[in-house]
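Examination of the molecular architecture
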Amino acid sequence: MNILIINNNLYPSGGDWTYIKTIAQIYKQHGHNVYFWGVKRDSNVIKENEDLFPPSINLHVAKKNIIKCFFSVLRECIYSKKAKINISAFLDRYQIDIVQLNTIRLGVTPSIISSIKKRGIPIVWRMIDYYQICPNIVLRHHHKNCLSCVKGQYYNCVVNNCKDSIISSLFVSMEAYFYKYRDDFDQIDVYSLQNNFTKNLFLQAGYQSEKLVVQYNPFDCNRITPSFDLGDSVLYFGRLEEEKGVYIILLAAIKLPRYKFVIVGVGSSEKALKQYVIDNGINNVEFLGSVWGSDLDVIIKQSRCVVVPSLWQEVSSYVAFQAYANARPVLASDIGGLPEVVIDGYNGLLFKPGDVEDLVQKIGRMFNNEELVSMMGKNALSFVKQRHSIEAYYNDTISLFKTLINKDNN
């Protein structure tokens with residue numbers, strides 16, 4: 001089977017890259033041919049066929065001229081004719097059996113959908129975020145969660161100024177309405193969702209239930225040797241952004257001076273977080289910057305637990321999977337899709353989003369009950385090996401692919 005994976009970013013950029021890298025390895029290990037297509041960037045890990053990748057978007061220059069910026073957004077960010085032409089050329093070069101879309105905005109754009117479907121190729125769109133039902137993508141604006149656009153009232157993005165810029169908010173609202181009144185999204189054969197929380201939102205948005213399939217993210221535990229020795233730190237790893245709720249960890253650190261807190265990652269909030277630590281004389285927090293792979297696993301094994309303090313309605317969490325593979329329980333916000341990953345009292349504990357006292361109480365349980373931590377760590381490892389196994393994902397996905405290919409061929 002020839003499988004084409006399309007994603008804007010073809011370089012390590014977070015959970016989306018972790019996902020596409022993982023599934024590509026799975027497909028290849030089972031003898032399938034995997035091709036990639038995305039935005040052309042110097043940072044890309046994947047360079048093959050980049051002559052047919054659409055160019056990256058740079059609107060900073062265009063912003064100096066509002067008219068030029070407007071038409072640049074229409075031409076490159078909302079509906080890219082260049083991407084449409086390039087994907088057609090790519091499909092001329094290779095005989096593709098099925099296409100899996102992931103993140104396709106800003107450079108790729110859904111303009112490519114009709115070009116793919118004209119050739120009778122089935123499309124599965126893996127939902128990495130809430131792009132189709134929220135112009136701001138994350139169901140959040142101005143430090144609060146929001147569902148006002150889910151049923152198609154995208155003007156709310158402008159009313160709420162979700163992008164902190166009326167012009168930017170207007171552009172993403174225009175994009176949402178543009179595709180609402182076209183049939184591009186209707187041409188998708190199946191929307192692959194990460195959990196039931198997201199599925200319910202898509203049902204509220206009016207998507208057909210027969211096109212919505214829940215497929216849990218896969219995680220390869222084989223590369224990791226778990227440790228059942230109890231560590232002595234509280235760990236956060238991931239992007240340092242406002243919606244990730246990292247500030248609550250600093251507030252918890254103030255209340256728990258006896259415990260060591262470790263923060264791994266970079267992002268737009270990094271400077272402010274570090275300054276907060278300095279300004280408040282917090283001595284039990286250590287920032288380690290960006291760490292990946294086996295080096296990160298070493299840090300995870302040194303922790304007692306991993307915290308996922310998200311304030312936004314997180315779709316899923318590769319952070320939790322990596323913690324579980326190292327036999328570490330997770331303390332997570334009770335929000336979005338996280339309760340489907342962190343089963344309270346089984347492989348971790350849930351706390352109220354943004355509630356410092358609740359988090360402090362849950363951290364205390366981790367350090368005052370070693371038997372509980374040990375039990376949760378074992379359950380965590382079992383959970384990720386079973387529900388998020390490579391083979392389970394592969395069997396489910398390939399069965400879906402074959403069904404769609406056979407349907408289109410009949």
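How each quantity is defined
- Within each chain, residues carry numbers counting from 1 in the order of the written sequence.
- With the structure being a predicted model, the display of local features is reserved for residues of pLDDT at least 70 and the display and counting of side-chain atom pairs for 80 or more, all residues being used for whole-chain, interface and lining totals.
- Side-chain figures throughout are based on the complete set of non-hydrogen atoms in the structure, without hydrogens or water.
- By definition, any uninterrupted DSSP run of H or I lasting at least four residues is a helix, any uninterrupted run of E lasting at least two residues is a strand, and each is numbered from the N terminus.
- Throughout, radius of gyration means the C-alpha value; the globule benchmark is 2.2 Å times the number of residues raised to the power 0.38.
- We call two residues in contact whenever any of their non-hydrogen atoms come within 4.5 Å of each other.
- Counting rule for charge: Lys and Arg are taken as positive, Asp and Glu as negative, and neither His nor the chain ends is counted.
- Think of each charge as sitting on NZ of Lys, CZ of Arg, CG of Asp or CD of Glu.
- A carboxyl oxygen of Asp or Glu within 4 Å of a side-chain nitrogen of Lys or Arg is what we treat as a salt bridge.
- Ring geometry is summarised as follows: Phe, Tyr and Trp rings, the Trp one being its six-membered ring, pair when their centres sit within 6.5 Å, and such pairs are stacked at plane angles under 30 degrees, edge-to-face over 60 and tilted between the two.
- Accessible area is worked out with a 1.4 Å probe on protein chains only. A residue is then buried under 20% of its type maximum, exposed over 50%, and partly exposed in between.
- Think of it as a cone above the ring: NZ of Lys or CZ of Arg counts as a charge over the ring if it is within 6 Å of the ring centre and within 35 degrees of the ring normal.
- An expected span of 1.5 Å times one less than the residue number is assigned to each helix.
- Only the stretch in contact is used when fitting a helix axis, every axis being a line fitted to C-alpha atoms; angles between N-to-C directions are given from 0 to 180 degrees.
- Each angle is binned into one of four classes, with values under 35 degrees roughly parallel, values over 145 roughly antiparallel, values of 65 to 115 roughly perpendicular, and all other values oblique.
- In this scheme, strands are said to pair when DSSP sees at least two bridges between them.

Description of the overall build of the protein
Within the protein, the regular secondary structure consists of 14 helices and 14 strands. Taking 410 residues into account, the globule formula puts the C-alpha radius of gyration at 22 Å, and the protein, at 22 Å, falls close to it. Pairs at least 24 apart in sequence give 71% of the contacts found in the protein among residues at least 6 apart. Each charge sign in the protein was given a centre, from 45 positive and 39 negative side chains, and these centres are 4 Å apart.

Concerning the pattern of salt bridges
Applying the stated criterion across every chain, the model contains 13 salt bridges. Linking D92 and R119 is a salt bridge whose minimum nitrogen-to-oxygen distance equals 2.9 Å. Highlighted residues: D92 in helix 3 (residues 81-93) and R119 in the loop between helix 4 (112-117) and strand 4 (123-126), separated in sequence by 27 residues. Its salt-bridge partner being K362, residue D358 comes within 3.2 Å of it at the nearest N-O pair.

Side note on the packing of aromatic side chains
Enumeration over the complete set of coordinates arrives at 23 aromatic pairs. Considering the side-chain rings of Y191 and F202, the 6.1 Å spacing of their centres and the 45° angle between planes classify their relative orientation as tilted. Residue Y191 is located in strand 7 (residues 190-193), and its partner F202 is located in helix 7 (residues 196-204); the two are separated by 11 residues in the primary sequence. For Y191, a relative accessible area of 1% corresponds to the buried category. Following the ring pairs from residue to residue traces out a cluster consisting of Y79, W125, Y131, F178, Y179, F185, Y191, F202 and Y207. The ring centre of Y216 lies 3.8 Å from the NZ or CZ of R387, which sits over that ring.

Section: helix 13 (residues 370-387)
In this model, helix 13 (18 residues) spans 26 Å end to end at C-alpha, consistent with the 26 Å of a helix rising 1.5 Å per residue. When we look at burial in helix 13, the residues that qualify are L372, V373, M376, G377, N379, A380, L381, F383 and V384. Its buried side turned inward, helix 13 meets strand 12 (303-308), helix 11 (318-325), strand 14 (348-351) and helix 12 (356-368).

Thoughts on the packing of helix 12 against helix 13
Between helix 12 and helix 13, whose axes approach to 5 Å, the crossing angle comes to 95°. When the axes of helix 12 and helix 13 are compared, the pair comes out roughly perpendicular. Residues R365, M366 and N368 of helix 12 touch helix 13, and the partners they reach there are E370, L372, V373 and M376.

Observations concerning the sheet that holds strand 1 (residues 2-6)
Ordered by their spatial adjacency, six strands build an open sheet running 2-1-3-4-7-8, and the pairing between neighbours is parallel. What marks the edges here is a single partner per strand, and that holds for strand 2 (33-37) and strand 8 (212-214). Direction aside, the axes of adjacent strands within the sheet are offset by 25° on average. In this sheet, strand 2 lies alongside strand 1 in parallel orientation, the contact comprising five bridges.

Remarks on the pairing of strand 7
When a strand is regular, its side chains alternate between the sheet's two faces. Burial of the side chains of strand 7 extends over both faces: V190 and S192 are buried on one face and Y191 and L193 on the other. Examined bridge by bridge, strand 4 and strand 7 share three bridges and lie parallel to one another. The residue bridging V124 from the neighbouring strand is V190, located in strand 7. In the sheet, strand 7 pairs with strand 8 via three bridges, with the strands oriented parallel. For L193, the partnering residue across the bridge sits in strand 8 and is V214.

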